[in-house]
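Observations on the three-dimensional arrangement
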Amino acid sequence: MKVLLTQYKETGEYFAIKALKKGDVIAREEVDSLMSERNIFEVANRIRHPFLVNLVACFQTQASIRRFHAYVSHVMGLALQQFAIIRLTVCS
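Figured I'd write up the structure that's included with this text. (Residues numbered from 1 in each chain as written. Predicted model: local features only at pLDDT ≥ 70, side-chain atom pairs only at ≥ 80, totals over all residues. Heavy atoms only, no water.)

Remarks on the sheet that holds strand β4 (residues 64-70)
Under the convention used in this document: Criterion used throughout: strands pair if DSSP finds at least two bridges between them. Starting at the N terminus, helices and strands are each numbered in turn, a helix being any DSSP run of H or I of at least four residues and a strand any DSSP run of E of at least two. Every angle, taken between N-to-C directions, lies between 0 and 180 degrees, and every axis is a line fitted to C-alpha atoms, over only the stretch in contact when it is a helix.
Strand order in the open sheet made by the 4 strands is β1-β2-β4-β3, with antiparallel pairing throughout. The open sheet has two edge strands, β1 (2-7) and β3 (55-60), and neither has a second partner. Neighbour-to-neighbour, the strand axes of this sheet turn through a mean angle of 20 degrees, independent of strand direction. Strand direction decides the pairing type here: β3 and β4, joined by 5 bridges, are antiparallel. Its bridge partner being in β4, Cys58 is matched across the sheet by Arg67.

Structure, rendered in C-alpha cells:
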C-alpha cells in the first residue's frame, strides 16, 4: 500500500490517493476487509461523519486499486485529535 499526496491542477485542491496492489490484497486475504472499508467510507460520506475523511472517488485497473480521499491538513488533524481528547475526558 502507498499513500500519495496530489494536487488537482484546475482547483488547487489536495487529495490523498491510497494505492493498493491487487495481488498483495489477495495474497493477504484482505478482499473482504477492503470492501468493508469502502462501504464504511461511502456511509461516512452520506452522513458527513466528522472524523472520517471523504472518499472522493475510487477505481481499479487490472493490477491496482486506487482511492481518492479528501486531504485533511496536519493542522486540522491536530485539531481533531485535541477535540477527541477533550471529548474523551469530558465523557469519562
